[in-house]
Amino acid sequence: MGNTQRGNEEIEMEFSLDSLQPKERASFALRALYEAAGCRKYHMGRFEEYGLYQENRSFLSSEQVITFTDLDGRLLALKPDVTLSIAKTAQPAPGETLRYYYHENVYRPSAESHTFQEISQMGLEMLGAVGEAQVQQAVRLAAQSLAQLGAAWVLEVSHMGYLFGLFDALGVPENARPGLLEKLREKNAHELRRAAQVAGLDAAGADALTGLLELSGSCEETLAKAESACRNDRMRAAAAELRALAKTLEASGGAVRLDLSLAGEMEYYNGLVFQGYLQGLPRPLLKGGRYDLLMQKFTPGAGAIGFAVYLDELDRLSAPTPPVQRNSTGRVMLNVALPKGRLGDRMYDLLARIGYGCTEDYNATRKLVVENSAAGIRYFLVKPSDVAIYVEHGAADVGIVGKDILTEASADVYELLDTGLGRCRMCVAAPADYKDDPSRPVRVATKFVNIAKSYYASIGRDIDIIKLNGSIELAPILGLSDVIVDIVETGTTLRENGLRVVTEFMPISARFIANKASYQFKHNEMDAMLEALRKTLQEETK
Ligand code: PRP
């Protein structure tokens, strides 16, 4: 008896929140935070009527959902999302604000593993009467959630009303808006400008749109710039809401940044949008915003704001920093993924000229990491096709990669600069006497399966894909395919193999890309490098 008692005491003594995994610790801390803020736990089952997702496709990050037929013949789904189910069932009375938090698993496809993943989400929703006070409380709770997680954090805030207001002022056609938002999300100024022109905007309009990318930084400074750029009431109302919010967020003491190019999913967020990052994690950990329009599908007149925290991401925090990533000087190091080969060597020469050189010549050794800690720079020598992977996963902060590889991988990174180096174009090519036979699918050989599929989908032509890894030009010569989709630079390879270009459909050059979280935490270092790089590139091409 005595022993058992002592045993229990020992067990109790040993248990402390510190012994838990970061993810478990976070769920306790967030629960306490949300309960103290007057939110009630909302529990749901794992399944939902599939029809809910069919009717609200634009709300989901993917249309792929795991479905099954229930014993009574109803088509059900394993939940890909929690917010929709809460919005559907909550039913706030007029004038009432419901405050809920949840901790649930959702099931979403993962492009990388080609299967579905179980994702642990904790989140908060305020539904019904949602005015300035509720909006401010929700965003404050988002900031406080990040502050609970034990690492440096940044909360990025934007307002869809500001973006849509500018679209209205510039007369951007509805059908061009999703494409422009995508370029804004990528911080892709060069392609945004081109897309703006294609959408019918003049040079001043294109300038105004790309100007959004400059509206990012500390609240005070950015707000002042954003206010002076307002062109209509919609923009002014959004700026006023941000101004009121900035005041209350100052008190939360963290790193809140405004970034007016942050654009949530078009049809779903209509007001404030925000994303939270934690140092050491490569992706945003928290995402949220205001979604009145969706809420009004279920309860007319109601408003809604909420956010989700992706708890699984926190597992990475417990992994020790690899020795090569540690740094003894205390200086912030920029980690660059440099493609091995001609393009990488060119980029390195340029960077070395502007102060980012290393004493060690990586071409003289087989080393894959070289650095200059005094200059705050470290290079990883990687295969060109892997650059975007290193950057997306945060193993490197920035990288240089061909637009062909970047598009094929559809990596979730910022595309900050078109270096103009390594110019070529993506083409369909075929033997000189080739004629399309519309009675059957075109047989297409290529390294770039996704690019080829999306090109042919855009022209509505059915294809059979043959994936090859190189020497693509051989395929039509040997009758393996009708055409190829490949990059053409000088055209020599095509000519010498009796092929000709059928269509050119995508200009290619090397792009400077950045990890989205690194962009938050190493902003100054990245900006300094980009600025210097832009200047030398301009001088080079003069
Ligand atoms: C690329 C591309 C073409 C060639 C085009 O091949 O796949 O074959 O360059 O260049 P050109 O128009 O100047 O002739 P790469 O050298 O990358 O080798 P690969 O056959 O392994 O794709």
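Since we're looking at a predicted model, the values are computed, not measured.

1. Remarks on the site of the ligand
- The local shell around the ligand consists of Lys447, Gly470, Ser471, Glu473, Asp486, Ile487, Val488, Glu489, Thr490, Gly491, Thr492 and Thr493.
- Residue Gly491 places a main-chain N or O atom 2.7 Å away from an oxygen atom belonging to the ligand.
- For the shell around the ligand, the secondary-structure elements that each account for two or more residues are β21 (483–488) and α18 (492–496).
- A per-element tally of the shell around the ligand places β21 first, with three residues.
- When its residues are assigned to classes, the shell around the ligand shows two nonpolar, six polar and four charged.

2. Regarding the packing of aromatic side chains
- Following the criterion strictly, the structure yields eleven aromatic pairs and no others.
- Relative to Phe307, the ring of Tyr34 has its centre 6.1 Å away and its plane inclined at 70°; by these criteria the two rings are edge-to-face. Pair noted here: Tyr34 is in helix α2 (residues 22–36) and Phe307 is in strand β12 (residues 303–310), with a separation of 273 residues, a long-range link.
- On the accessibility criterion, Tyr34 (0% relative accessible area) is buried.

3. Here we look at a nonpolar patch on the surface
- Taken together, the side chains of Leu474, Ile477, Leu478 and Leu480 make up a nonpolar region of the molecular surface, amounting to roughly 380 Å² of accessible area.
- According to the relative accessible area criterion, Leu474 is partly exposed, its value standing at 44%.

4. Concerning the pairing of strand β19 (residues 442–446)
- Among the five residues of β19, four are classified as buried, and the element is accordingly described as predominantly covered.
- Judged from the five bridges that link them, β19 and strand β20 (residues 463–467) form a sheet pairing that is parallel. Counted as the bridge partner of Val444 is Ile465 from β20.
- Taken together, β19, helix α16 (residues 449–458) and β20 constitute a β-α-β crossover, and its handedness is right-handed.

5. Remarks on the domain arrangement of the protein chain
- According to the domain assignment, the protein chain contains domain 1 (19–136 + 304–319), domain 2 (323–422 + 510–541) and domain 3 (424–508).
- Taken over C-alpha atoms, the centre of domain 1 sits 44 Å from the centre of domain 3.

6. Some words on the pattern of salt bridges
- Enumeration over the complete set of coordinates arrives at 33 salt bridges.
- Between Arg177 and Asp168 there is a salt bridge, with its nearest N and O atoms 3.0 Å apart.
- Within this structure, Lys183, Glu186, Glu191, Lys403, Glu415, Asp418 and Arg511 form a network of salt bridges that share partners.

7. Description of helix α20 (residues 523–541)
- Compared with the 27 Å implied by 1.5 Å per residue over 19 residues, the 27 Å span of α20 between its first and last C-alpha is a close match.
- For α20, the complete set of buried residues consists of His523, Met526, Met529, Leu530, Leu533, Thr536 and Leu537. What you see down the axis of α20 is that its buried residues fit within an arc of 170°, all on one side. Relative to its buried face, α20 has exposed residues pointing more than 90 degrees away, namely Asn524, Lys535 and Gln538.

8. Describing the packing of helix α10 (residues 219–228) against helix α11 (residues 233–250)
- Taken N-terminus to C-terminus, the directions of α10 and α11 make an angle of 165°; their axes are 10 Å apart at the nearest point. One element, α10, and the other, α11, form an angle in the roughly antiparallel class. Handedness of the α10/α11 crossing: left-handed. Seen from α10, the contacting residues are Cys219, Glu220, Leu223, Ala224 and Glu227; seen from α11, they are Ala239, Leu242, Arg243 and Ala246.

9. Quick notes on the sheet that holds β20
- In spatial order, the strands read β20-β19-β21-β18-β22; together these five strands make up an open sheet with mixed pairing. Two strands lie at the open edges of the sheet, namely β20 and β22 (499–508), each paired on one side alone. Strand-to-strand, the axes of this sheet are offset by a mean angle of 30°, without reference to chain direction.
- Together, β18 (424–431), β19, β20, β21 and β22 form the strand contacts of α16, whose direction differs from that of β20 by roughly 170°.

10. Some words on the side chain of Ser216
- Position of Ser216 relative to the elements: it lies in strand β8 (residues 216–218).
- At 3.4 Å, the side chain of Ser216 and the side chain of Arg257 are in polar contact.
- Residues contacting Ser216, with those up to four places away along its chain left out, are Thr222, Arg257, Leu258, Asp259 and Tyr519.

11. A word on the state of the cysteines
- Applying the stated rule across the entire model yields zero disulfides.
- Cysteine Cys219 shares no disulfide, and the gap to the nearest cysteine sulfur, in Cys230, comes to 16 Å.

12. Side note on the UniProt feature "domain: ATP phosphoribosyltransferase catalytic" (unreviewed entry) in the protein chain
- In this structure's numbering, the residues bearing the UniProt feature "domain: ATP phosphoribosyltransferase catalytic" (unreviewed entry) are residues 383–534.
- End C-alpha to end C-alpha, residues 383–534 measures 24 Å, and it is 33% helix and 32% strand.

13. A short note on the layout of surface pockets
- Volume-wise, the second largest pocket comes out at about 790 Å³.
- Lining the second largest pocket are 26 residues, with Gln279, Gly280, Leu281, Thr321 and Gly394 sitting closest to its centre.
- Of the residues contributing to the lining of the second largest pocket, the split by class is eleven nonpolar, ten polar and five charged.
- Each of domain 1 (19–136 + 304–319) and domain 2 (323–422 + 510–541) gives at least three residues to the lining of the second largest pocket.

14. Some points on the environment of Pro339
- Here Pro339 shows up in strand β13 (residues 334–339).
- Along the primary structure Pro339 and Val401 are separated by 62 residues, whereas in three dimensions their C-alpha atoms are 7.1 Å apart.
- Not counting the four nearest positions on each side in its chain, Pro339 is found in contact with Gly344, Val382, Pro384, Val387 and Ile400.

15. Points about helix α4 (residues 83–90)
- Extensive coverage of α4 is indicated by the burial of six of its eight residues.
- Looking at α4, one finds that the buried residues are Thr83, Leu84, Ser85, Ile86, Ala87 and Ala90.
- Next to the buried residues of α4 lie β2 (47–49), α3 (50–55), β5 (97–110), β6 (115–128) and α12 (292–298).
- Positioned one or two residues after α4, Gln91 has a phi angle of 50°, which is positive.

So, how was this worked out
- Sequence order sets the numbering: in each chain, residues are counted from 1 along the sequence as written.
- Totals for whole chains, interfaces and linings use every residue, but because this is a predicted model, local features are given only for residues with pLDDT of at least 70 and side-chain atom pairs only at 80 or more, for both listing and counting.
- The side-chain values count all of the structure's non-hydrogen atoms but skip hydrogen atoms and water molecules.
- A cutoff of 4 Å decides nearness: a residue is near a molecule or strand if any of its heavy atoms lies inside that distance of it.
- For the purposes of these results, a polar contact is taken to be a pair of N or O atoms within 3.5 Å, where, inside protein, one atom must be able to donate a hydrogen and its partner to accept one; residues adjacent in sequence count only when each atom of the pair is a side-chain atom.
- In DSSP terms, a helix is any run of H or I states spanning at least four residues, a strand is any run of E spanning at least two, and both are numbered starting from the N terminus.
- All residues other than Ala, Val, Leu, Ile, Met, Phe, Trp, Tyr, Cys, Pro, Asp, Glu, Lys and Arg, Gly among them, are scored as polar; the first ten of these are nonpolar and the last four charged.
- Ring pairs are drawn from Phe, Tyr and Trp, using the six-membered ring of Trp, whenever the two centres fall within 6.5 Å, and their geometry is named by plane angle: stacked under 30 degrees, edge-to-face over 60, tilted for the rest.
- A simple rule labels every residue: compare its accessible area, found with a 1.4 Å probe on the protein chains alone, to the largest value its type can have, and call it buried under 20%, exposed over 50%, or partly exposed in between.
- Without a salt bridge and with relative accessible area above 30%, a residue can belong to a patch; like charges are then joined within 9 Å and nonpolar side chains (Val, Leu, Ile, Met, Phe, Trp, Tyr) within 5 Å.
- Computed with a 1.4 Å probe, the accessible areas rest on the Shrake-Rupley method; for each residue, only the protein chains presented here act as cover.
- What counts as a salt bridge is simple: a side-chain nitrogen of Lys or Arg found within 4 Å of a carboxyl oxygen of Asp or Glu.
- Strand pairing is assigned whenever DSSP identifies at least 2 bridges connecting the two strands.
- When the strands point away from the viewer and the connection leading from the first strand across the helix to the second strand turns clockwise, the crossover is called right-handed.
- Segmentation of the chain into domains, including their bounds, is taken from an automatic or database domain assignment.
- One less than the number of residues in a helix, times 1.5 Å, gives the span that helix is expected to have.
- Note: the arc covers the axis-to-C-beta directions of the helix.
- Helix axes are fitted to C-alpha atoms over the stretch in contact, other axes to C-alpha atoms as well, and angles between N-to-C directions run from 0 to 180 degrees.
- Note that the term roughly parallel is reserved for angles under 35 degrees, roughly antiparallel for angles over 145, roughly perpendicular for angles of 65 to 115, and oblique for everything else.
- Should the near helix be turned anticlockwise from the far one by less than a right angle, the crossing is termed left-handed; should it be turned clockwise, right-handed.
- What makes two residues a contact is simply this: any of their non-hydrogen atoms within 4.5 Å.
- Cysteine sulfur atoms are paired as a disulfide whenever they come within 2.5 Å of each other.
- UniProt positions are given in the numbering used here, feature names are shortened, and annotations may be inferred rather than shown by experiment.
- The method works on a 1 Å grid over the protein atoms by themselves. A cavity is a set of points holding a 1.4 Å probe that cannot get out, a pocket is an open set with protein on both sides within 12 Å along at least five of seven lines, and residues with an atom within 4 Å of a point line them.
- Grid points are joined across faces, edges and corners, and a volume is the space filled by probe spheres set on the points.

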